[in-house]
Amino acid sequence: KPPFIALFCILLELLLNYLFPNLRFISKPYNKIGIVFIILGFANLIWSFYLFKKNKTPIIPGKKPTFVVIGGPYMITRNPMYLSVTIILLGISFYIGNVLGFVAPLIFFLAVNYVFVPFEENLLESIFGNKYLDYKKRVRRWI
């Protein structure tokens, strides 16, 4: 599941930095840009969670949705939660500053883009039909 993949990616970033400390290429204070990414990612993630809770639809991937959320960040991307986690992982990569750490956000993005998002889109199409298809036509998968 995506939360476990995200946790794995964070641990991978830390491990790669520990094993290969000489591959740091972003030094202080420039690495602080990572904090901005992390804050923006968490803010968008919380907003996205809030909209799911407000509309009483499950947040857990694979659970049967009861509502198609199309407001807020969902007007810009169909996957703001996954995008937020990717941004957080990028922020951690910038903050750590190790070139190998940037493989972690890429792993997360590829996993959700090619495994979880297609499954979720098929589920939403089967439940909501044209309502979801119309939304898909208006809003891009990412940005």
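The structure reproduced in this document is the subject of the present report. (Residues numbered from 1 in each chain as written. Predicted model: local features only at pLDDT ≥ 70, side-chain atom pairs only at ≥ 80, totals over all residues. Heavy atoms only, no water.)

### With respect to the overall build of the protein chain
Tallying secondary structure elements over the protein chain gives five helices and zero strands in all. Mapped in sequence order, the helices and strands of the protein chain form the string α-α-α-α-α. Pairs at least 24 apart in sequence give 73% of the contacts found in the protein chain among residues at least 6 apart. When the accessible surface of the protein chain is summed, it comes to about 8,600 Å², and 72% of that surface belongs to carbon and sulfur atoms. (Helix = DSSP H or I, 4+ residues; strand = E, 2+ residues; numbered from the N terminus. Contact = heavy atoms within 4.5 Å. Areas by Shrake-Rupley, 256 points an atom, 1.4 Å probe, with all protein chains shown as cover.)

### Description of the pattern of salt bridges
Per the stated rule, a full pass over the model turns up four salt bridges. A salt bridge links glutamate 121 to arginine 141; its shortest N-O distance comes to 2.7 Å. Residue glutamate 121 is located in helix 4 (residues 103-128), and its partner arginine 141 is located in the segment after helix 5 (130-138); the two are separated by 20 residues in the primary sequence. Lysine 136 is paired through a salt bridge with glutamate 125; the nearest N and O atoms lie 2.6 Å apart. In this pair, lysine 136 is assigned in helix 5 and glutamate 125 in helix 4, connecting sequence segments eleven residues apart. Here glutamate 125 falls in the partly exposed class, since its relative accessible area comes to 24%. (Salt bridge = Lys/Arg side-chain N within 4 Å of Asp/Glu carboxyl O. Buried < 20%, exposed > 50% of the residue type's maximum accessible area, 1.4 Å probe, protein only.)

### Here we look at the environment of valine 115
Locating valine 115 in the fold gives a position in helix 4. Between the C-alpha atom of valine 115 and that of isoleucine 87, which follows or precedes it by 28 residues, the distance is 19 Å.

### Some thoughts on helix 4
Counted at 1.5 Å a residue, the expected span for helix 4 with its 26 residues is 38 Å, and the 35 Å between its end C-alpha atoms agrees. Of all the bends in helix 4, the largest measures some 40° and sits at valine 112. Taken residue by residue, helix 4 has Ala104, Pro105, Phe108, Ala111, Val112, Asn113, Phe116, Val117, Glu120, Glu121, Leu124 and Phe128 as its buried positions. Buried residues belonging to helix 4 abut helix 1 (2-19), helix 3 (80-96) and helix 5. After helix 4 finishes, the residue glycine 129 shows a positive phi value of roughly 55°. (Expected span 1.5 Å × (residues − 1). Bend = angle between axes of the 7 residues up to and from the residue.)

### A few points about the packing of helix 2 (residues 33-54) against helix 3
Two numbers describe how helix 2 lies on helix 3: the axes approach to 7 Å, and their chain directions differ by 160°. Of the possible angle classes, the one that applies to helix 2 and helix 3 is roughly antiparallel. Crossing handedness for the pair helix 2 and helix 3: left-handed. Counted together, Ile33, Gly34, Ile35, Phe37, Ile38, Gly41, Phe42, Asn44, Leu45, Ser48, Phe49 and Phe52 of helix 2 and Pro80, Met81, Ser84, Val85, Ile87, Ile88, Leu90, Gly91, Ile92, Phe94 and Tyr95 of helix 3 form the full contact between these two elements. (Axes fitted to C-alpha atoms, helices over the stretch in contact; angles between N-to-C directions. Parallel < 35°, antiparallel > 145°, perpendicular 65-115°, else oblique. Left-handed = near helix turned anticlockwise from the far one by under 90°.)

Spatial relationships are all this shows, so hold off on functional conclusions.
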